[in-house]
Amino acid sequence: MTAQFATICDALQNEPRLLLEAELKPVQGDRFQPTGFPDLGAALYLRPDGTEMLLIESAQSMANRLESVCWDDAVDKIAAPLAGLPHVVVNFDNGQQTSSLQEAHRLNSPYIVNSDKVKSAITSEVGNAESGVLDIRKLAHSVYRLDPCSVLHGVFLEKIAGRLRLQRLLSSFIEAEHVQTATSGGVKLDRSNPSGDAKQGFGNVPFTRTEYTAAKITAYFNLDLATMRGYGLGGAANRLLIALALYKITQLLQGGLRLRTACDLEAEKATVTRPKNLQIEDLASLRDEVTEAL
């Protein structure tokens, strides 16, 4: 354990949460494209003081992005620094595979939770999953042994029982303030049949495009330490979860912020806002801590 990580763990020992903020900017120009929602469009809103705000990336999407940094797509397996981190791999008959690190609902993926082995691993620890007093610590222990990332990002095992739920320990979102629209447009050209039926995919089709600019873009990260300690997993497990959270945040900020084709961001600096007395001088150096913690 490096001196910096030891200092972090000591500083967080009695803290309810770790809060970090990272200032972001587009890698080129000023415009960016936020996440959009069906029938809603961009998530614009006002602060109580009237500041125009925009949600660039939701908590749900950021959870998926923080998960994705754990997987090496080039070799289709867990990233090398995380080798040995428990997770569930599903091998299909056609030679393809998926895993709890890739599935949207983690252990509650139908490809995973319907396995008798997974169900028995959960219920043998928890006991009667349908009635009686539920010891959330036993649920956390059983999930941790199968996939610590499911403890970190939360999981709802409603396919086993409707009350088997762990909330997110690590959450994140990106928002922009003092936003303005940047409207542009173009035309899809049909060289052969410019006046063709657009409904059938033919013809020249004009379109509009709305992007945004902002005075400030911020990524927020929140690690719920109080809930983590309440699971009773022990000091070594807690250190791994902290190291894993910092690894995910660092990997995302260092190279995983190309959110969309027209939303390519980079981090300028990251700051700890709670606890107030904690400073992380070199966030990137903490990536190696997760390997030692494992």
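Structural data are supplied above this passage.
Quick summary incoming for the structure in this document. (Residues numbered from 1 in each chain as written. Predicted model: local features only at pLDDT ≥ 70, side-chain atom pairs only at ≥ 80, totals over all residues. Heavy atoms only, no water.)

1. Brief notes about the overall build of the chain
To be explicit about the condition: By definition, any uninterrupted DSSP run of H or I lasting at least four residues is a helix, any uninterrupted run of E lasting at least two residues is a strand, and each is numbered from the N terminus. Burial classification: accessible surface area is computed with a 1.4 Å probe over protein chains only, and a residue below 20% of its type maximum counts as buried, one above 50% as exposed, and the rest as partly exposed. The contact rule is simple, with two residues in contact once any of their heavy atoms fall within 4.5 Å. The convention is simple: Lys and Arg are positive, Asp and Glu are negative, and His and the chain ends are not counted. Note on charges: their place is set at NZ of Lys, CZ of Arg, CG of Asp or CD of Glu.
Broken down by element type, the chain carries nine helices and 14 strands. The C-alpha extent of the chain, read off along each of the three principal axes, is 65 × 50 × 40 Å. Within the chain, the fraction of its 294 residues that count as buried is 43%. In the chain, the proportion of contacts linking residues at least 24 apart, taken out of those at least 6 apart, comes to 71%. Computed over 30 positive and 35 negative side-chain charges, the separation of the two mean positions in the chain equals 3 Å.

2. What to know about helix α1 (residues 3-12)
The cut-off we apply is this: Arc definition: directions from the helix axis to the C-beta atoms.
Within the sequence span of α1, burial applies to Phe5, Ile8, Cys9 and Leu12. What you see down the axis of α1 is that its buried residues fit within an arc of 95 degrees, all on one side. Those residues of α1 that are exposed and aimed more than 90 degrees away from the buried face are Ala3 and Asp10. Tucked inside the fold, the buried residues of α1 contact β1 (17-26), α7 (225-230), α8 (235-255) and α9 (289-293).

3. With respect to the side chain of glutamate 211
Rules: Think of a polar contact as two N or O atoms within 3.5 Å of one another; within protein, one of them needs to be a possible hydrogen donor and the other a possible acceptor, and neighboring residues in sequence only count if both atoms come from side chains.
As for its placement among the helices and strands, glutamate 211 is situated in strand β12 (residues 205-224). Within the local environment of glutamate 211, its side chain forms a polar contact with the side chain of arginine 31, the two groups lying 2.4 Å apart. Contact partners of glutamate 211, with chain neighbours within four places excluded, come to Arg31, Phe32, Gln180, Thr181, Ala182, Ser184 and Ala262.

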